[in-house]
Structures are given as structure tokens and as C-alpha cells.
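# Structure assessment
Residue-level listing of the chains:
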Amino acid sequence: MAAPDPQQVADPEAVKRHPVLFRAIRQRRNPRLRRTDITVTDDRAVRRAVKAASLGNAMEWFDFGIYSYLAVTLGRVFFPTGNDTTQLLSSFATFAVAFLVRPLGGMFFGPMGDRLGRKKVLALTMIMMAVGTFAIGLIPSHGTIGLWAPALLIFFRMLQGFSTGGEYGGASTFIAEYAPDKRRGFFGSFLEFGTLAGYVGAAGLVTALYALLDGAQMEAWGWRIPFLVAGPLGLVGLYLRMRLDETPAFQKLEGGRARATEAADGAETTSKGDLATIFRDHWPTLILCVCLVGAYNITDYMLLSYMPTYLSDELGYSETHGLLILLAVMVFLMLLISRVGALSDRYGRKPLLMAGMGGFLVLSLPAFLLIGQGGVLAVTAGMLMLGLSLVCMLGTMSAALPALFPTRVRYGSLSVGYNLSASVFGGTTPLVITALIGWTGSELMPAYYAMAAALVGIIAVACMKETARQPLAGSPPSVETHEEAAELCAARSPEPRF
């Protein structure tokens, strides 16, 4: 809340007697914005930052996507119990294990990113993620080394989860702090473009393998190929990230080349990325973040991770059939996502997020009834209904979430809030839905689960503040041109009096 004007609360006679003093007080509370306070972004640097952050995010979701799409095969390789349902539940339980350690990764890497810088931590998480995924492709099967096989799978899944704990919070913070204020939604949407690209790459590769190899070949060696591809991808992502400079907002925070003054909208000038500060001073925003991410992640994982398994295991489609339909839907969403990000810059984050949450609340049940009808057209139409709702969140969330927290604790707070929510709600989604279907016998449980998540999301969106086209909290304004910076200075400067 803005401080009250001292001239309005003070004794009018005192104001008349001491005009210079009260003018100084007003200027102290509302200092003039200097040109050096404003960040003028370099378009090429912004695009390099977006590319590097998005590639890392694509790799993260490539890793998680291949595990989801190979869940049935991995269940047979690592958990050969003879019971298909038990194998699938064991496979999804191992999928969920990675999410149990994600909050620990967020608590470790997030504050580190606030202290040491975004770039260094993002390079470290990229290395760890690539190593974890590549190593899974090298694990011998249960038939070769017995219980050591699932034990090693769980260990490397935990390594993946721990490193991922610092990935999304850092990548979204990186893009948000590089992007100009008026286009943060557009540039931020490319982070989730990377999410879809990772899923598309995983789905395309797994679909090709299912089409080219028979079941015995897939179980023997075919499943290893997608995991081994992660090694070279990780090296490319690491190269791109190491070429980047630190974000302008973090440089100002640390007193780097461009030093912020008090005029820079209250820009923070110290870096205290400790967990105690996050939980003590920012807990209401942290709860809001958990609710937003929970609703978003449940719907995201339900459609992009669980749906192929649902189509094959519950409705009897072949693995290839379900993956091909999902692949087409995701490519369509990739064509829309940057447009959605631009719309959020123009109309605001809240309307787009509300449209996405409302879409899942209203359309989930009709969509799953359509999918249950069978046939390519019905299944595609049902998945498109869910996909169009999801893309409203995908194109907006990566710009909305970093803006919830001030610069000095942004990486840490977002990493903690995002990963706590992802751990409890996101990674458990396939496991919970599979268990609910087994318990109730209803194939519509995914729809009910998504509707409950959307209702929580609607309440959370209603409680959040609009942040579109505004500077990030604790950072000075960020614009695209020097002319825009001059106009902003003139608009913030008082008119001279003669």
C-alpha cells in the first residue's frame, strides 16, 4: 500500500510554515525515477536467455515424458510380478518418487540461486538432470541383477527429482528477469513451449519405437534409447546456459554494472535467499503459489503424462494409437502457446488463468465422456477440449508465478512453492487416478479429479494480484527501447513549477 501523502496528514499550518521540509519528505517517499534506474533490454540477449532456459525445461519434460509413456514397459522390465495392475502401480510409484525429493531440491537450489546467481545454479541442475536420465538407460533389468534394478531406478529417479527442484523456478525466474515488462508473458510462454516440445520429443520417439519394435525388443533394449538420448541433449543445454550473462535484475540486486537507486520502484539492494525469510515473511504468497501450481500441475500431468496410459490401460487402445493422438494435440498447442502469452500481456494474467481453470471445471466431464465413446474423432475432440483449457495456463503461468515474489527471494520462494505443490499434487497424479479408478471402478475419475483441482485454482486466481505490464517486485522497470525509458522517466517526474 502506498504511503499517505504527508501534506494530507500533517497540520496545514505546519505545511505552510515549512514548505521545503514537506516537499523533501514527498520527494523522499516518491523519488524521481532516473534513467539509470531503468533496464533497457537487449533483444538478442533476451532471446538467448529464452532459448537456453526453454531448452533445459524441454529436457526436463522429455525426461519425465519418456518415463510416463514407457510406464507399462518399464513396469515389466523392473517389476515383473505377473500382475499388470501391480506392475503399473509400481512403475507410477517410482515416477512419484522423483517428486518426493523435488521440494528438497527446491530448498537447496532455490536459495542458492538467490545468493550465487541464477546462471550458475541452472548450469548445475542441467548437468545433474542429464546424468540421472542417461544413467537410467544403462540400468540392467530385474532379470539380470534382481532387486538392484528397481533400487537403482529409484536412486536415479531421485537424482532427477532433486535436480529438477531447482530447474523450473530458476528457468522461469531467468526469463522473467530478462524480459521487458510489457512482453513478459510472450517471452515466458516459451518456457512452456519447451515443456510441450519435451513431451512431443518424448512421445514422438516412444511412438516410433513402438511402431518399429515388437514387445520383446522394447523390453529387451528398445526402452533404453530415449533415456540415452538425454546425454547429448544435456551437453547442448549446458553449452547454451554457460554462454549467458547473469540476469539484469540480479545484477542490480548485487550492485553490479547497473546500480539501482531508491527511485527504482523500491528495488531491493541485498540478497538474502534463506529459507527462514521465505517461510516467515512470504508464507501467504507461498500458499497462493502452492494452490496455483497444484491446480495447474494436476491438469497438466493428467493430460500430458497420464492420458496415453489411460487410453491403453483403461480403454483398450494400443500404445501407439494413444500417443499419436496426444502428439497431434500437443503440436497444435505449441502453435498457440506464444499467442496466449501475448494475450496475457495485453489483457492480463488473471483473465487467461481464469479461462483455463474454468475450462477444466466445465469441460472435463464432457471431454472424458467423449473420449470414452471411442473413435479417433471423439478422442481427439475430447483431448482438444482439455488441451485448449490447459494452453491458457501453459502460456501464462511462467510469467505469473515469478511476479508473485520479490527479486531477493524470487528463485528460492518459487522453487520451494512450486516443488512442494508438484510433489504433493503433480507427480502423484497418475498414481492417484489409477488407484481411484481401481477403487471406484469409474473411468470418469480423471474428470472429477481435474474438476476438483480447477475449483481450487479458480479461488487462487481470484486471490492473486494482476501483474501484467508491471515491473517485477523488488526490481526496477524493464523496457525495450531507450525512447520508452525516456518516456517512463518523464511520466514519473513531476512537472516543474514556476
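Residues numbered from 1 in each chain as written. Predicted model: local features only at pLDDT ≥ 70, side-chain atom pairs only at ≥ 80, totals over all residues. Heavy atoms only, no water.

In this section: the packing of aromatic side chains. Aromatic rings in a pair are described by how distant their centres are and how their planes are angled relative to each other. Evaluation of the coordinates by the stated rule reveals 13 aromatic pairs. Here the aromatic rings of F155 and F156 are separated by 5.1 Å at their centres, their planes lie at 75°, and the arrangement is edge-to-face. Using a relative accessible area of 17% as the deciding quantity, one classes F156 as buried. Ring geometry for Y168 and Y418: centres 4.1 Å apart, planes at 15°, overall stacked. Here the residue Y168 occupies a position in helix 11 (residues 167–178), and Y418 occupies one in helix 21 (residues 410–426), the gap between them amounting to 250 residues. The buried category is assigned to Y168, whose relative accessible area is 1%. Relative accessible area serves as the criterion here: at 1%, Y418 is assigned to the buried category. (Phe/Tyr/Trp six-rings, centres within 6.5 Å; stacked < 30°, edge-to-face > 60°. Buried < 20%, exposed > 50% of the residue type's maximum accessible area, 1.4 Å probe, protein only. Helix = DSSP H or I, 4+ residues; strand = E, 2+ residues; numbered from the N terminus.)

This part is about the nonpolar core. Side chains that are nonpolar tend, in soluble globular proteins, to be buried together. Among the nonpolar cores identified, the biggest contains 121 residues, and Y69, F78, M307, M330, M383, L401 and Y418 are the most heavily contacted of them. With 16 residues, helix 17 (residues 283–314) is the largest single contributor of residues to this core. Beyond its immediate chain neighbours, meaning those up to four positions away, Y418 contacts W61, R102, Y168, C289, V293, Y296, N297 and L401. Judged by nonpolar contacts, the second largest core, of six residues, contains M59, M126, A230 and L238. (Core = buried A, V, L, I, M, F, W, Y, C linked by side-chain atoms within 4.5 Å. Contact = heavy atoms within 4.5 Å.)

What follows concerns the side chain of Q160. Within the secondary structure layout, Q160 lies in helix 10 (residues 148–164). Non-local contacts of Q160, meaning those with residues more than four positions away in its chain, are made with D63, M129, G132, T133 and I136.

Below, the discussion takes up the packing of helix 7 (residues 102–116) against helix 8 (residues 118–136). Where helix 7 meets helix 8, the axes come as close as 7 Å, and the angle between the chain directions of the two elements is 145°. Along its contact with helix 7, which presents F109, M112, G113, D114 and L116, the element helix 8 presents R118, K120, V121, L124, T125 and M128. Of the residues that constitute the contact of helix 7 with helix 8, the class distribution is six nonpolar, two polar and three charged. (Axes fitted to C-alpha atoms, helices over the stretch in contact; angles between N-to-C directions. Nonpolar A, V, L, I, M, F, W, Y, C, P; charged D, E, K, R; others polar.)

Let us look at the packing of helix 7 against helix 21. For the pair helix 7 and helix 21, interaxial distance at closest approach is 7 Å and the crossing angle is 170°. With respect to each other, helix 7 and helix 21 are oriented roughly antiparallel. Taking contact as the criterion, the partners of R102, P103, G106, M107, F109, G110, P111, G113 and D114 in helix 7 are, on helix 21, R410, Y411, G412, S415, V416, Y418, N419, L420, A422 and S423. Residues that form the contact of helix 7 with helix 21 fall into these classes: nine nonpolar, seven polar and three charged. (Parallel < 35°, antiparallel > 145°, perpendicular 65-115°, else oblique.)

The next point concerns the confidence of the model for the protein. Keep in mind that low pLDDT regions are not for reading the predicted coordinates in detail. With 87% of its residues at a pLDDT of at least 70, the protein reaches an overall mean of 82. At the level of individual helices and strands, the protein shows its lowest average pLDDT in helix 1 (residues 6–9), which scores 48, and its highest in helix 23 (residues 445–463), which scores 96. Note on residues 1–8: pLDDT is under 50 here. Beyond four places in sequence and across chains, it has ten contacts. Scored below 50 in pLDDT, residues 256–273 makes 49 contacts in the model with residues more than four places away or belonging to other chains. (pLDDT = per-residue confidence, 0-100.)

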